[in-house]
Amino acid sequence: MSGWNHLPKCPRGLQIKRWKRMCAHVRDLLELERAQADDPQSMRAARLRESIAADHEVAKWRQFPVAQQAVLDLVEGSRRYECWISENPGEVLECLHRAFRNRSSRLSRDDSEAWSRIMNGIILGHHRIQFAVGQGGFHVGGLTRLAASRTLFEEWAERKELARADFLYIYDCGSHPLKHVEAEISYFLRRSGSRQLDFLFLSHFDGDHISGIPALIGDGKLKVATVVIPYVDDLEKVVAFARAAARYEPVPEFFKNLVVDTVGTLKNLGADRILLMGSDDGPGPDAPLADPIGGGSEDLPWKLGPLGDEAVEVRSTGRDSFYVRNGVIDVQGSVEKDLQIAWRFLPYVQHADEDAKELFAEIAETLLGWDDGTFRQRIRDSEERQKLITEQAAVLGEAYRRAFGNKNATSLSLYSGPAEPSRVGATVICPGLSPQPQAKIGWLGTGDAPLRKAANVEAFESHYAELLDAVSTFMFPHHGSIHNSNYKRLIGDADIYFAAADPVRDDWEHPAPKLRKAVEDAGKSFHQVSSARSSRLEEAMILFCPPNELD
């Protein structure tokens, strides 16, 4: 790199690609200061400052202490400009802040600049509620196209009306006991009436995350366009039933039907399309390749695209049923051709422990008197699965207790937020959040993801590396269980960490006191969503593409 004797070592916590861009940017900043020292009015100085202000990546760097320190370390490591740096080290960061305050920062509604940044841009309202279902999950979010009218902006900010959003999605729908989610579903359906549910994301096959689905879509008033679930094999479906059999008596018919015929059961409830999300470390089905798919309305269409440079893998597993790997869903909110703002849904699937699954099969074979090594083959037949879960629920429950213990099933996490948070701006309606140099309004749900071991956390953070900085609200997995999170290592730098928890047993410690304390010690907000309606977590914000992005 011109002007540097060597590339300084990339600090821990930053990607090497981003670090190289930062190095180039700081080099330009130093060149600028040198040019201004020679002649502040020179054309060269003006061109350098214009180039610096146009670099959208910079907003991502300044937000976190590790990035700030990296800039200072980089600058201080340049022997060529040692004299200037020793006198002006803070000006580098100040330059970054000035360049991006009006372009992509997160401001509150009462900020004096909030409306002036929005009035000529593309505007998208986002409203989301974590409903109070206690020990379970029911997250509803919506996107609404808003006109560039201050009156309409203020009206939406006051009313929001999540159930009337132009684009509606839900992540998980269940609780234990069932009555809590049924009450919140009833509340929501009274306001939504008959309409389309664009996406229903289900984190995993567990009753307290899916038990409310029949009540949500069973009567057909809420018509589901697309259901997204993690891809699991037949063995894990039986494991999921066994877990339910070990915990609940009796196992609901809906759950049994999902185990026997997952896609068929969801189709019978009115789902038009099923997406089975795979992962890089898990095998997929032997099915023919298919073209990438999309859908949505003319105003808010969505498309399935690749994450990173690798192509998205789509395989047809049946009529309107697809296996997807390395896929990301972008909802496009456009005003006119080529001027777009995107809301992104990025899933991440972490699979169940394969050794525990194999142990389950071995124990089940012994208890059932089946020949060794035959369990996987026999349960591939749907009639065999039906017979097994109907007649041998107690045996399967015992096999689960012996094989799994506290281990969790395959779980799908979900990022919901701006696709390019450094290129858009945000105005927060509620709750009150401090200003940030990028559109930090993303939400990250984790189902029952295993995020305690360092290797799992690193894989999770790597998958969400480009978006983790933009997460303002983070859900602790498994209702805040200490078995699924490491209180010594909070993920991300969210403003709000929450747990959906109201355990029926005191010894569960959901949420774990150590997690709550870790959040509070970090100066962040901790929120517990219980079964009390007053505990709902409601958030609303305006996302916009600044006018200078449209030029």
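Conventions we followed
Residues numbered from 1 in each chain as written. Predicted model: local features only at pLDDT ≥ 70, side-chain atom pairs only at ≥ 80, totals over all residues. Heavy atoms only, no water. Helix = DSSP H or I, 4+ residues; strand = E, 2+ residues; numbered from the N terminus. Buried < 20%, exposed > 50% of the residue type's maximum accessible area, 1.4 Å probe, protein only. Polar contact = N/O pair within 3.5 Å; in protein donor to acceptor, adjacent residues only side chain to side chain. Contact = heavy atoms within 4.5 Å. Phe/Tyr/Trp six-rings, centres within 6.5 Å; stacked < 30°, edge-to-face > 60°.

Asks: Give a detailed account of the side chain of H126, specifying residues and quantitative values.
Replies: Within the fold, H126 resides in strand 2 (residues 122-130). Of the residues examined, H126 reaches a relative accessible area of 1% and is grouped as buried. Within the local environment of H126, its side chain forms a polar contact with the side chain of R128, the two groups lying 3.3 Å apart. A polar side-chain atom of H126 sits 3.1 Å from the main-chain carbonyl oxygen of G142. Contacts of H126, omitting those with residues within four sequence positions, involve G142, L143, W156, Y169, W343, E539, A540 and M541.

Asks: Which residues make up unusual backbone geometry, and what are the values?
Replies: C430 connects to P431 through a cis peptide bond whose omega is -5°. Counting through the fold element by element, P431 comes out in the loop between strand 15 (425-430) and strand 16 (442-445). In the segment running from H510 into P511, the intervening peptide bond is cis, with an omega of 0°. Counting through the fold element by element, P511 comes out in the loop between strand 18 (496-500) and helix 20 (513-521).

Asks: Residues and numbers for the environment of A439, please.
Replies: Along the polypeptide, A439 turns up in the loop between strand 15 and strand 16. Distance from A439 to V428, taken between C-alpha atoms, is 9.6 Å for residues 11 residues apart in sequence.

Asks: Give a description of the packing of aromatic side chains that names residues and reports values.
Replies: As enumerated under the stated definition, the model contains 22 aromatic pairs in all. The interplanar angle of 20° and the centroid separation of 6.2 Å between the aromatic rings of F167 and F345 together place this pair among those described as stacked. Pair noted here: F167 is in strand 4 (residues 167-175) and F345 is in strand 13 (residues 339-350), with a separation of 178 residues, a long-range link. Residue F167 is classed as buried on the basis of its relative accessible area of 1%. Between the aromatic rings of Y348 and F460, the centroid separation amounts to 5.8 Å while the plane-to-plane angle is 70°, which identifies the pairing as edge-to-face. Of this pair, Y348 sits in strand 13 while F460 sits in helix 19 (residues 454-463), placing them 112 residues apart in sequence.

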